[in-house]
Amino acid sequence: MSAPTACIEIEHVSKRYQRPGRKAESFLAVSDVHFDIRQGEFISLIGASGCGKTTLLRMMSGLIPVDDGQIRINGNPVQGVPGSIGFVFQEPALLPWKTVRENMVFALKAKELPPDEVDAAIAAKLEMTSLQDFAGYFPSALSGGMQQRAGLARALACDPDVLFMDEPLSALDAFTRRRLQQDIATIIEGIGATTVLVTHDVDEAVFFSDRIVVMGTSPGSVRDVVEVPFPTPRTHAELLGDPEVAKLRDHVLGIVLGLH
Ligand SMILES: Nc1ncnc2c1ncn2[C@@H]1O[C@H](COP(=O)(O)OP(=O)(O)OP(=O)(O)O)[C@@H](O)[C@H]1O
């Protein structure tokens, strides 16, 4: 059997920012990051605040340029935001004057699909995210969890090959968060999208990931890459109380904290 193709290739990537208020000074926010992400793989980026997780995700998704190195998605150098990706942010970033359905129509605009295909795409994603009964709601009428579902439905509307998620669940209460984690895992398993998640939560990283990329600070770089060997799709019920899961979790936490 041939090796799975790399979907995202991150080759010796670095990023500098200017120090605010100090024009002449710049600092290295991400330094020489180099790894591949396989087709259909779920990767979490974890690490202390300021280690460059969001910067790396934004470079992967073409929102900001790299300073050194190169990133390719499906073999194509990332220059600007590719059409084949979806993005879910910490804040759902829905247009508040548009309903859930209208937000999804807006996301699909660039595809210039005929109206019946737009309707079919939206219906499928509303069902996938359990939002069938909320298509006509404005974001302000939805709970935080429902808003994140709507943000996900909008990201999925275009059938992305690659999904980037930046702490999408961090503002939610623990119960809503777990429920949504479970649903997102099922959805992503179903569509097979390659996914990169930024999270601060080691349990969340273990729950979702095929591999966890642990980053360290000063400068932001990859400290270790940890395989998560448990079969997917996972459920919280299965993972809870499993000593192997606890061992892996502690191992990852130890790397994050610089203990080993
Ligand atoms: N646009 C910017 N201009 C200047 N400095 C920036 C900019 N964006 C990020 N930084 C700095 O770069 C470093 C990495 O930031 P980044 O947001 O990527 O880290 P992070 O690991 O995602 O942090 P957190 O976990 O707190 O979200 C930080 O020191 C941050 O202050």
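These numbers were taken from a predicted model, which means no experiment stands behind them.

Here is what the cut-offs are and how they apply
Residues numbered from 1 in each chain as written. Predicted model: local features only at pLDDT ≥ 70, side-chain atom pairs only at ≥ 80, totals over all residues. Heavy atoms only, no water. Near = heavy atom within 4 Å. Polar contact = N/O pair within 3.5 Å; in protein donor to acceptor, adjacent residues only side chain to side chain. Areas by Shrake-Rupley, 256 points an atom, 1.4 Å probe, with all protein chains shown as cover. Pairing = 2+ DSSP bridges. Helix = DSSP H or I, 4+ residues; strand = E, 2+ residues; numbered from the N terminus. Expected span 1.5 Å × (residues − 1). Buried < 20%, exposed > 50% of the residue type's maximum accessible area, 1.4 Å probe, protein only. Arc of directions from axis to C-beta. Contact = heavy atoms within 4.5 Å.

### A short note on the site of the ligand
In the vicinity of the ligand lie 14 residues, with Ser49, Lys53, Thr54, Thr55 and His200 positioned nearest. Between an oxygen atom of the ligand and a side-chain N or O atom of Ser49, the distance comes to 2.5 Å. Cys51 places a main-chain nitrogen or oxygen 3.1 Å from an oxygen atom of the ligand. Bound to the protein, the ligand loses 62% of the 640 Å² it would expose on its own.

### Considerations on the pairing of strand β2 (residues 22-38)
Bridging between strand β1 (residues 6-19) and β2 involves 10 bridges; their strand directions are antiparallel. Looking at the pairing, Ala6 lines up with Arg38 of β2. Counted along the chain from β1 to the antiparallel partner β2, the turn is 2 residues long, and its residue Gly21 has a positive phi close to 80 degrees.

### With respect to helix α3 (residues 115-128)
One turn of the α-helix equals 3.6 residues, which is why residues spaced by three or four share an orientation. Look at α3: 20 Å from first C-alpha to last across 14 residues, which is about the 20 Å you get at 1.5 Å a residue. Every buried residue of α3 is listed here: Val118, Ala121, Ile122, Lys125 and Leu126. Each buried residue of α3 sits inside an arc of 130 degrees when the element is viewed along its axis, so together they form one side. In α3, those exposed residues whose orientation departs by more than 90 degrees from the buried face are Asp116 and Glu127. Here the buried face of α3 lies against α2 (100-108) and α4 (144-156). Backbone geometry just downstream of α3 places Ser130 in the positive-phi region, at approximately 60 degrees.

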